[in-house]
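Understanding the architecture of this molecule
The primary structure of each chain is shown beneath.
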Amino acid sequence: VSVADTIALRAPRYRPRTIKLPLGRVPMVILSLAWLAIAIYPIYYVAIVSVETRTKFFSNHSLLLPADITGANYATTFQNGILH
Amino acid sequence: MIRSRERAVVLAVLTAPGLAIFLVFALGPMIAAAGIGFLNWDGISASQWAGGHNWAKTVTDPVTLRALRLTFELMALSWLIQTPISLALGVFIAKHSRYRSVLAVLYFLPLLFSAVAIGIVWSTAILSRSGAVNVLLRAVGLGGIATDWVGSPNTAFYAVAAVIAWQFIPFHTLLYQAGRRQIPRTLYEAALVDGASDWSQFLHITLPQLRYTIITSTTLILIGSLTYFDLIFIMTGGGPGFATRTLSLQMYITAFQDTQIGYGSAIAVVLAVAGLVLAAALVRLSGFGAMQSQAEGL
């Protein structure tokens, strides 16, 4: 038996992980993912908008990532004394 | 004999503080509102006796009748949207697994925000003409149906119902999750031995066992729909036109914007009585009042 064969015998076989999803559970998984998006997205969207300029919001802004990031809104918020 | 008398005295003493608070802060204002309902009063100048005029107006005023119809429509729509979704999600996340626990935490995020914050964000950043919904519609080529969802009389009511659902589905999901976790595992194990499918287990075990949770959730949705105020007020103020003016908003606008305190009080009493009747009917029809335990019938 060659060294290569010994290594091949001892090494654990690579088995790709598969996720078994019974067909009956597909609608439930779709619903749960849809609700996840619906529950989180508005909060995420507010976070995106908070780092955009006002002009950008009213013109053409992105749904996923802000194009021109600005910290001006946060600066204004803190200057207006949110911590007091 | 003496013992039972002592017991009655102790019970009376223990009940008295709660009863006093209920009388002063719940029943008292209701009786006062009913009394003001007989007055013609603007809240500042001297009041005048109006007799049954305000009460008659509650059943003849087209705006109030429309508000009443809208309230019942909102009630039905809220139940139809919230109950199936929260039931499904609650049952789904009740099973113990790591990813479901993570999902549960994320699902409940809307519960963290106040109605005012939710109302402002949804009406200005999500549902407005330049909001996320319209940006998304344009991105997928459906720009033709993009509109001001809160500003249009045709869509405002549904937009408000959707936001109310967004706010309250997590809470009802939590109720169903807790209810599902109380169902004994032995029932599912027995069903599994009999070869029952997931759907069959849901239909014949989960749903009947969640009966009282469904009634509790339904009562909260229906009674809540009667008194939804803050979110609608922030989002639309009852408009455009009368499109989202439910009975609670009609009461507020009548009493504090139109300064007809007497008529507003009459509407408030109608609202309170409608809530009481609805709650009593739900308890009577569902047999909820006769229930001794959630595990009844096992």
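Residues numbered from 1 in each chain as written. Chains lettered and ligands numbered in written order. Predicted model: local features only at pLDDT ≥ 70, side-chain atom pairs only at ≥ 80, totals over all residues. Heavy atoms only, no water.

A short note on the overall build of chain B
How we decide: Starting at the N terminus, helices and strands are each numbered in turn, a helix being any DSSP run of H or I of at least four residues and a strand any DSSP run of E of at least two. When accessible area is computed with a 1.4 Å probe and restricted to protein chains, residues below 20% of their type maximum are described as buried, those above 50% as exposed, and intermediate ones as partly exposed. It only takes one pair of heavy atoms within 4.5 Å for two residues to be counted as in contact.
When helices and strands are tallied, chain B shows 13 helices and 2 strands. With the principal axes as the frame, chain B shows a C-alpha extent of 80 × 75 × 30 Å. Buried positions account for 40% of the 298 residues belonging to chain B. A fraction of 66% describes how many contacts in chain B between residues 6 or more apart in sequence connect residues 24 or more apart.

Some thoughts on the overall build of chain A
Cut-off, in case you're wondering: Each accessible area is a Shrake-Rupley result for a 1.4 Å probe, and residues are judged covered by the shown protein chains and nothing else.
Along chain A, the regular secondary structure elements total 4 helices and 0 strands. Across chain A, contacts joining residues at least 24 apart in sequence account for 6% of those joining residues at least 6 apart. Approximately 6,900 Å² of chain A is accessible, and the part contributed by carbon and sulfur atoms is 66%.

A look at the confidence of the model for chain B
Where the model shows low pLDDT, its predicted coordinates should not be examined in detail. Counted only if it meets this: Confidence of the prediction at every residue is given by pLDDT, a number between 0 and 100.
In this model, chain B carries a mean pLDDT of 88, and residues with pLDDT of at least 70 account for 96%. What the predictor reports for the complex is a pTM of 0.81 with an ipTM of 0.72.

Description of the packing of helix 3 (residues 62–94) of chain B against helix 4 (residues 98–107) of chain B
Residue and element names in this part refer to chain B. Here is the rule: To define axes, lines are fitted to C-alpha atoms, for helices over the stretch in contact only, and angles between the resulting N-to-C directions are given on a 0 to 180 degree scale. These descriptions rest on fixed angle ranges, namely under 35 degrees for roughly parallel, over 145 for roughly antiparallel, 65 to 115 for roughly perpendicular, and the rest for oblique. Throughout, the ten residues Ala, Val, Leu, Ile, Met, Phe, Trp, Tyr, Cys and Pro are labelled nonpolar, Asp, Glu, Lys and Arg are labelled charged, and all others, Gly among them, are labelled polar.
Interaxial distance between helix 3 and helix 4 falls to 9 Å at its minimum, and their mutual angle equals 140°. Classed by the angle they form, the pair helix 3 and helix 4 counts as oblique. Mapping the contact onto sequence places Leu89, Phe92 and Ile93 in helix 3 and Tyr99, Arg100, Leu103, Ala104 and Tyr107 in helix 4. Considered class by class, the residues forming the contact of helix 3 with helix 4 number 7 nonpolar, no polar and 1 charged.

Quick word on the environment of Ala33 of chain B
Residues and elements named next belong to chain B. With respect to the helices, strands and loops of the structure, Ala33 is situated in helix 1 (residues 2–36). The exposure class assigned to Ala33 is buried, which follows from its relative accessible area of 17%. Residue contacts for Ala33: discarding those within four places in its chain leaves Ser265 and Val269.

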